[in-house]
There are 2 protein chains.
Amino acid sequence: MTDNRLSRAFTALADPTRRDIVARLALGDATPGQLAEPFDVSLQAVSKHLKVLEDAGLISRSRDAQRRPCHLETEVLDLMSAWVERYRRRAEERFQRLDAVLASLDEEEEEAS
Amino acid sequence: MTDNRLSRAFTALADPTRRDIVARLALGDATPGQLAEPFDVSLQAVSKHLKVLEDAGLISRSRDAQRRPCHLETEVLDLMSAWVERYRRRAEERFQRLDAVLASLDEEEEEAS
DNA sequence: CTCGTATTCAACCGTGCGGTTGACAATGCA
DNA sequence: TGCATTGTCAACCGCACGGTTGAATACGAG
């Protein structure tokens with residue numbers, strides 16, 4: 001369940017073009033045409049990327065005449081941030097603890113000398 | 001550059017098995033054998049997953065006789081967290097601002113009534 | 001209704017991923 | 001040295017990805 005959501009989210013952001021699109025949308029909503037313009041890929045390719053991002057829940061799309069403005073959503077970013085932060089913190093704690101062990105070893109050396 | 005690092009990192013975590021491995025390693029170092037045991041995939045498959053994680057910089061491997069214990073690294077997790085957090089925060093800010101606009105519209109309605 | 005604009009859909013293609021099985025390398029132990 | 005343990009390398013397979021081009025759709029303007 002949540003597993004699939006995370007898989008889709010990480011897969012979506014594994015592509016540099018899609019990360020660029022997310023970065024662009026963080027500044028404000030934009031249409032596929034506007035999003036395609038700075039990149040050297042076809043509009044159809046961008047459309048596919050947007051579908052991937054939408055399926056991942058990272059963006060939503062509304063309607064304005066022929067245009068389909070894209071909007072960056074926060075919920076999935078929250079999920080991803082929480083996942084990464086969780087294990088980053090644990091790894092960090094283990095790292096600190098290792099430092100503590102090394103420090104105590106140093107102390108023992110000091111005392112021994 | 002950093003682009004490739006992020007791509008490799010997101011790609012690595014796009015796979016549920018690899019996320020499980022990371023979760024396991026957050027509790028402590030483990031050998032490929034120990035990591036393969038709880039999963040219903042071959043040791044070779046796990047070995048491949050570990051190579052992907054290592055190439056992404058998410059884990060490092062040392063040597064202990066025949067064993068190759070795996071260790072979770074924090075640096076790339078830091079990178080990922082920073083990237084996600086950056087855009088999550090921007091999207092959040094834009095969301096708050098939208099709320100503010102809606103609230104001010106409500107106020108105008110109140111005053112008009 | 002017709003035309004132009006904006007976007008998506010469909011089919012195809014090359015490449016890479018995740019899985020398998022089988023052979024090989026590295027190390028500890030009798 | 002011979003053998004068991006642990007892990008990796010290599011070749012193959014099915015499938016999904018990211019890209020393309022060409023056709024179809026949806027809508028506003030005239």
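Small disclaimer: the values here were computed from a predicted structure and weren't measured. (Residues numbered from 1 in each chain as written. Chains lettered and ligands numbered in written order. Predicted model: local features only at pLDDT ≥ 70, side-chain atom pairs only at ≥ 80, totals over all residues. Heavy atoms only, no water.)

Undergrad: I'd love a proper account of the interface of chain B and chain A, names of residues and values included.
TA: Taken together, the 32 residues of chain B in the interface contact 32 residues of chain A. Overall, the association of chain B and chain A removes approximately 2,900 Å² of surface from exposure, summing both partners, and the carbon and sulfur fraction of that is 63%. Interface area lost by chain B to chain A is led by Phe 10, Arg 19 and Arg 94 of chain B, which between them contribute 21%. Counting the contacts that link chain B with chain A gives four salt bridges. Residue Arg 94 of chain B is joined to Asp 29 of chain A by a salt bridge in which the shortest nitrogen-to-oxygen separation is 2.6 Å. If you look at where chain B meets chain A, you find 12 residue pairs in polar contact (both at pLDDT 80 or more). The set of elements that each furnish at least two residues to the side of chain B that touches chain A consists of α1 (2-13), α2 (16-25), β2 (70-72) and α5 (75-112) of chain B. Per-element tally for the side of chain B that touches chain A: the top contributor is α5 of chain B, with 13 residues. (Contact = heavy atoms within 4.5 Å. Buried area = accessible area lost by both parts, 1.4 Å probe. Salt bridge = Lys/Arg side-chain N within 4 Å of Asp/Glu carboxyl O. Polar contact = N/O pair within 3.5 Å; in protein donor to acceptor, adjacent residues only side chain to side chain. Helix = DSSP H or I, 4+ residues; strand = E, 2+ residues; numbered from the N terminus.)

Undergrad: How would you sum up the side chain of Ser 7 of chain B? Please name residues and give values.
TA: Its location among the elements puts Ser 7 of chain B in helix α1. Separated by 3.3 Å, the side chain of Ser 7 of chain B and the backbone oxygen of Ala 14 of chain A make a polar contact. With residues up to four places along the chain from it excluded, the contact list for Ser 7 of chain B reads Ala 14, Pro 16 and Arg 19 of chain A.

Undergrad: Describe the protein's contact with DNA strand D, and please don't skip the residues or the numbers.
TA: Taken together, the neighbourhood of DNA strand D is formed by 21 residues, with Arg 18, Lys 48 and His 49 of chain A together with Ser 47 and Arg 61 of chain B sitting nearest. In this structure, a sugar or linking oxygen belonging to DNA strand D sits 3.1 Å away from a side-chain N or O atom of Gln 66 of chain A. Here Ser 47 of chain B contributes a side-chain N or O atom positioned 2.7 Å from a phosphate oxygen of DNA strand D. For the surface near DNA strand D, the secondary structure elements donating two or more residues are α4 (43-55) of chain A together with α3 (32-36) and α4 (43-55) of chain B. Of the residues that constitute the surface near DNA strand D, the class distribution is four nonpolar, nine polar and eight charged. (Near = heavy atom within 4 Å. Nonpolar A, V, L, I, M, F, W, Y, C, P; charged D, E, K, R; others polar.)

Undergrad: Requested: an account of the relation of the copies chain B and chain A, with residues and values cited.
TA: Superposition of chain B onto chain A requires a rotation of 180° combined with a translation of 0.0 Å along the rotation axis, giving an RMSD of 0.0 Å. The superposition operator between the copies reduces to a two-fold rotation axis. No C-alpha of chain B approaches the rotation axis more nearly than that of Phe 10 of chain B, which lies at 2.6 Å. Both copies present the same face, since 100% of the interface residues in chain B are matched by interface residues at the equivalent positions in chain A. (Least-squares fit on C-alpha atoms with pLDDT ≥ 70 in both.)

Undergrad: Account for the protein's contact with DNA strand C, naming residues and giving values.
TA: Taken together, 22 residues are adjacent to DNA strand C, and Ser 47 and Arg 61 of chain A together with Arg 18, Lys 48 and His 49 of chain B come closest. If you look at DNA strand C and keep only atoms within 4 Å of the protein, 58% of those are sugar or phosphate atoms. Within the side chain of His 49 of chain B, an N or O atom sits 2.3 Å from a phosphate oxygen of DNA strand C. In this structure, a sugar or linking oxygen belonging to DNA strand C sits 3.0 Å away from a side-chain N or O atom of Gln 66 of chain B. Among the secondary structure elements, those contributing two or more residues to the surface near DNA strand C are α3 (32-36) and α4 of chain A together with α4 of chain B.

Undergrad: Give a description of the environment of Asp 55 of chain A that names residues and reports values.
TA: All names here are of chain A. Mapped onto the fold, Asp 55 is located in helix α4. Classification of Asp 55 by relative accessible area gives partly exposed; the value is 44%. Expressed as a C-alpha distance, the spacing of Asp 55 and Ala 12, which sit 43 residues apart in the sequence, is 9.0 Å. (Buried < 20%, exposed > 50% of the residue type's maximum accessible area, 1.4 Å probe, protein only.)

Undergrad: Describe empty space enclosed by the protein, naming the residues involved and giving the relevant values.
TA: Scanning the entire structure with this criterion turns up one cavity of 30 Å³ or more. Looking at the largest cavity, the residues that line it are Leu 25, Ala 26, His 71 and Leu 72 of chain A together with Ala 91, Arg 94 and Phe 95 of chain B. When contributions to the lining of the largest cavity are tallied by element, the ones reaching two or more residues are β2 (70-72) of chain A together with α5 of chain B. Among the elements that take part in the lining of the largest cavity, α5 of chain B stands out by supplying three residues, more than any other. (1 Å grid on protein atoms, 1.4 Å probe; cavity = no way out; pocket = protein on both sides within 12 Å on 5 of 7 lines; lining within 4 Å. Points joined across faces, edges and corners; volume = space filled by probe spheres on them.)

Undergrad: Could you give an account of the side chain of Thr 31 of chain B, naming the residues involved and the relevant values?
TA: Residue and element names in this part refer to chain B. Positionally, Thr 31 belongs in the loop between α2 and α3. A relative accessible area of 14% places Thr 31 in the buried class. If near-sequence neighbours (up to four positions away) are discounted, Thr 31 is found in contact with Arg 67, Arg 68 and Pro 69.

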